[in-house]
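# Geometric and topological summary
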Amino acid sequence: MAAGAAQAEISTAVRREAAQVPGLAAPAEIIVDRWGVPHIYAASARDAFFLQGWNAGRDRLWQIDLWRKRGLGRLSASFGPAYVAQDRAARLFLYRGDMEAEWAAYDAGGREAAEAFAAGVNAYVADVRAGRRPLPVEFRLTDSQPEDWTPEDILRIRSHALVNNVTSEVARARAICAGGPAADALRRKLEPAHKPVMPRGLDPCNVPEGVLSDYVLATQAVDFAPLARKTAAAAASPGPQDLAQVIDARAAEGSNNWTIAGARTATGRPILANDPHRAVGVPALRYIAHLEAPGLSIVGAGEPALPGVSFGHNGRIAWGLTIFNLDQEDLYVYETRDGAYRHKGRWEPMTVVRETIEVKGAAPETVELRYTRHGPVVHEDAGKGRAFAVRTVWNEPGVAGYYGSSALWRAESWEQFQTARDRWGAPPLNLVYADTRGEIGWSAAARTPVRPNWDGLTPVPGDGRYEWAGFLADGGLPTVRNPAAGYFATANEMNIPAEPAYPRTRRKLGYEWADPTRAVRIHEVLDSLPKSTLADSVALQVDSVSPQARRGVALVQGLTSADPDTGRALALLQAWDANQTTDSAAAAIYETWSGKHLGRAVAAATLPEAARRLIGNGSTDAVLTWLEAAPQGVRAPLILDSLGAAVGELKGRLGPDMAGWSWGRLHVALFEPAVAVLADPELAKQMTVGPLQVPGSASTPRAASWRASDFRQAAGASVRMVFDVGAWDNSVAINSPGQSGDPMSPHYRDLFPLWAAGTYFPLRYTRPAVEADAGVVMTLTPVR
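Residues numbered from 1 in each chain as written. Predicted model: local features only at pLDDT ≥ 70, side-chain atom pairs only at ≥ 80, totals over all residues. Heavy atoms only, no water.

### Side note on the side chain of Asp-724
The condition that has to hold: Strands here are runs of E lasting at least two residues and helices are runs of H or I lasting at least four, both read from the DSSP assignment and numbered beginning at the N terminus. Per-residue accessibility, obtained with a 1.4 Å probe over protein chains only, is compared with the maximum for each type, and a residue is labelled buried under 20%, exposed over 50%, and partly exposed between these values. Residue contacts are defined here by distance: any two heavy atoms, one from each residue, within 4.5 Å place the two residues in contact.
Within the fold, Asp-724 resides in strand β26 (residues 719-724). We classify Asp-724 as buried; its relative accessible area is 3%. Other than its neighbours up to four places away in sequence, Asp-724 contacts Thr-267, Arg-269, Pro-270, Leu-534, Asn-730 and Ser-731.

Encoded structure:
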């Protein structure tokens, strides 16, 4: 609809703004509804993406600027010498291939979108520099300025996308070295059932502890603690996170989605629901937006530094995404000599790239980036004549994180959805689909390496015997159209169809999947609903019942303890329905026991000390599987001893009276941005959101994983959406803690209590409904 139409319908309580925007081609309008969602109305798709970039600057400038600087390896230019190591690591993983091949890998409109979005960001940055728009407070805290973007920046940064499984390869090799296959079996359960095969010529004990330090540093968030130190120690670079912490954090970053056919809904229209799970915090990882222009009509959510939406709908189709844990990475181990590595009997020189890193307050630093034919070299030991490199799909054109969605913005049919699926790069996804004609379906989507002679579960020699044989051809991943069950749901579980429906043994897509507990619960609820409603899907997205906890409860049935407190804990668990509500004492007991004590007890009873240090608490799914198979006389003492330890911890945290225990007293959402360490106490409080008690855990549909140190929620869904396909204005959404990244904005924290309570707001698609809920109307005109 043309800008300026139907103005009389907007309430006089709505705040109006007008601005001239350099770079805008024609008059346009942004209506920000009372939930902070921008609805952009433009005269062309180019202007819509331009204004999306401009608006991203308005709401999230600090966040997207930091995203770009971290990804490009430009932190040192703004924050000083402490970040040189992280900049070097990030540059190792930048896309360095042919940019024309990169652009060609996406939808034809993808380049226009990126160019316009970057121009829009730059237009806003120019206003900030000129003093026409305020400089976000975080730039003042860090004494830095926002930088200009190029369209290529959006695509060359790969290290924000989730790919698998190089971290697990290293952990597996080290666990097998320390404790044999039994240690790795407790660390990670494999599906389909599979015994890893160590490649001939590889000694797992030759994989050193810090081999992935550069990889971890390149992919971790920015830590501002070095800037908070007012001594010479401020020059110390933030080190990489512990590998086990990285693996645990990424294991928590799953998602749920489902699509339901009209035959199984109360309205006869399909329902599509999606709630992607990543680290939660402030600002929110994702941003909801609505773009309207001739030939473009999309609403949904995506990362605020990307044009368009990653998932949402366009008026004809809706789509959602969750991680499909396909293996897209490998660690190669080389014999080296004088800067060369042995490959197929010959010595090949490493490619050396020298780059200059600009350093605030110091002289620029020149760094060397080394590459083999497989990818960036992340570790070298010249004394042992050994080097390690990561091969990842990031090096391939068309694998910018989530940018494959550009082919879905204008798709109108299942066939066009499949074309988009075939072009998808990373991260690997379960894509679910629904359209206004009533069709639904699911497709796995990813750039898929073909490993003809190994399983991808361990590092491999880089001598030429273990090479990718290209990538799986289009249509090679599994797909389901109009499933007989009337719905399709995914939750990162192993969902590759078995033979003969799909050749999963031969294709070896991956073996490391999420615990199926969320999928079990989602399927049992959907199976029980012959006629689903939107409210049913909302309730399921925030459901706090744990099938995993049912397994734990089954193991304690019939057990007794001479210790009175352990006995009371047993009684609470034995009577519990596995619903992890905030008022549940049993939930507090189960999560503390299963998450912090049970796995360690099993590992202590079965593994040498060196292996125990490596696997920590292990995988709860794998530990429960081991206990379920163990004789009662073996498992009962382990259960009782570990439960007693959990009770002891809870007495220290919640007091001796078990009657006052509850999960909500432990499990809270409290969001504080990393940069708050530089703020004075008052500003730090303003920047902090929470705490609020939250139900659920990583094993419930309401994925709410927690930190072992303090039980604070670490990951889960910030944004959730439920679409009424065809009656789009009935759709609902939530984003936490708010749409804005400005601590002084009303939209910084306004959605947080709704999110914590499991409440949603209406996600409008038609303009009249938007006007009824409008908060700000911005009339924007070009500079003539």
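### Section: the packing of helix α16 (residues 547-556) against helix α18 (residues 585-606)
This is how it is decided: Whenever a helix is involved, its axis is fitted only over the stretch in contact; in every case the axis is a line through C-alpha atoms, and angles between N-to-C directions fall within 0 to 180 degrees. Working definition: roughly parallel below 35 degrees, roughly antiparallel above 145 degrees, roughly perpendicular at 65 to 115 degrees, and oblique for all remaining angles. Note on residue classes: Ala, Val, Leu, Ile, Met, Phe, Trp, Tyr, Cys and Pro are nonpolar, Asp, Glu, Lys and Arg are charged, and everything else, Gly too, is polar.
Across the interface, α16 lies against α18 with an axial gap of 11 Å and an inter-helix angle of 90°. Taken together, the axes of α16 and α18 are roughly perpendicular relative to one another. Contacts between α16 and α18 involve Gln-548, Ala-549, Gly-552 and Val-556 from the first element and Tyr-590, Trp-593 and Ser-594 from the second. Split by residue class, the contact of α16 with α18 holds 4 nonpolar, 3 polar and no charged.

### Things to note about the side chain of Ser-405
Tracing the sequence through the fold places Ser-405 in the loop between β16 (386-392) and α12 (414-422). Taking relative accessible area as the criterion, Ser-405 reaches 1% and is therefore assigned buried. Non-local contacts of Ser-405, meaning those with residues more than four positions away in its chain, are made with Val-309, Ser-310, Trp-319 and Trp-424.

### Regarding the sheet that holds strand β3 (residues 38-41)
Operational definition: Between any two strands, at least two bridges found by DSSP are needed for them to pair.
Taken together, the 11 strands give an open sheet; going across it, the order is β1-β29-β2-β3-β6-β7-β8-β9-β17-β18-β20, and neighbouring strands pair in mixed fashion. Strands with a single pairing partner mark the edges of an open sheet, and in this sheet they are β1 (15-21) and β20 (479-481). Averaged over all neighbouring strand pairs, the angle between strand axes comes to 20°, with direction disregarded. Bridge analysis of strand β6 (residues 287-293) against strand β7 (residues 296-302) gives 7 bridges, and the strand direction is antiparallel. Bridge pairing links Ala-289 to Gly-300 in β7. Together, β1, β2 (28-33), β3, β6, β7 and β29 (774-782) form the strand contacts of helix α1 (residues 45-72), whose direction differs from that of β6 by roughly 155°. Along the sheet face, α12 touches β9 (317-323), β17 (429-435), β18 (440-445) and β20 and points at about 15° away from the line of β18.

### Comments concerning the packing of helix α14 (residues 517-527) against α16
One can describe the packing of α14 onto α16 by two numbers: an axis separation of 7 Å at closest approach and a directional angle of 105°. When the interaxial angle is binned, α14 and α16 end up roughly perpendicular. Along its contact with α14, which presents Thr-517, Val-520, Arg-521 and Glu-524, the element α16 presents Pro-547, Gln-548 and Arg-550. The class makeup of the residues in the contact of α14 with α16 is 2 nonpolar, 2 polar and 3 charged.

### Re the state of the cysteines
In a disulfide, the sulfur atoms of two cysteines are covalently bonded to one another. Here is the rule we go by: Any cysteine sulfur atom paired with another within 2.5 Å is treated as part of a disulfide.
One pass over the structure, following the stated rule, counts 1 disulfide. Across a sulfur-sulfur distance of 2.0 Å, Cys-177 and Cys-205 are joined as a disulfide pair. Negative torsions about the S-S bond denote left-handed disulfides, and the value of about 110° found for Cys-177 with Cys-205 makes this one right-handed. Of this pair, Cys-177 sits in helix α8 (residues 166-187) while Cys-205 sits in the loop between α8 and α9 (213-219), placing them 28 residues apart in sequence.

### As for unusual backbone geometry
For the bond running from Glu-499 to Pro-500, omega is 5°, close enough to zero to count as cis. One can find Pro-500 in the loop between β21 (487-490) and α13 (504-507). A cis amide bond, omega 5°, links Ser-736 with the succeeding residue Pro-737. Looking at the secondary structure, you find Pro-737 in the loop between β27 (732-735) and α24 (752-757). In this structure, Asp-338 is a non-glycine residue whose phi angle is positive, near 50°. Tracing the backbone through its elements, the reader meets Asp-338 in the loop between β10 (329-337) and β11 (340-343).

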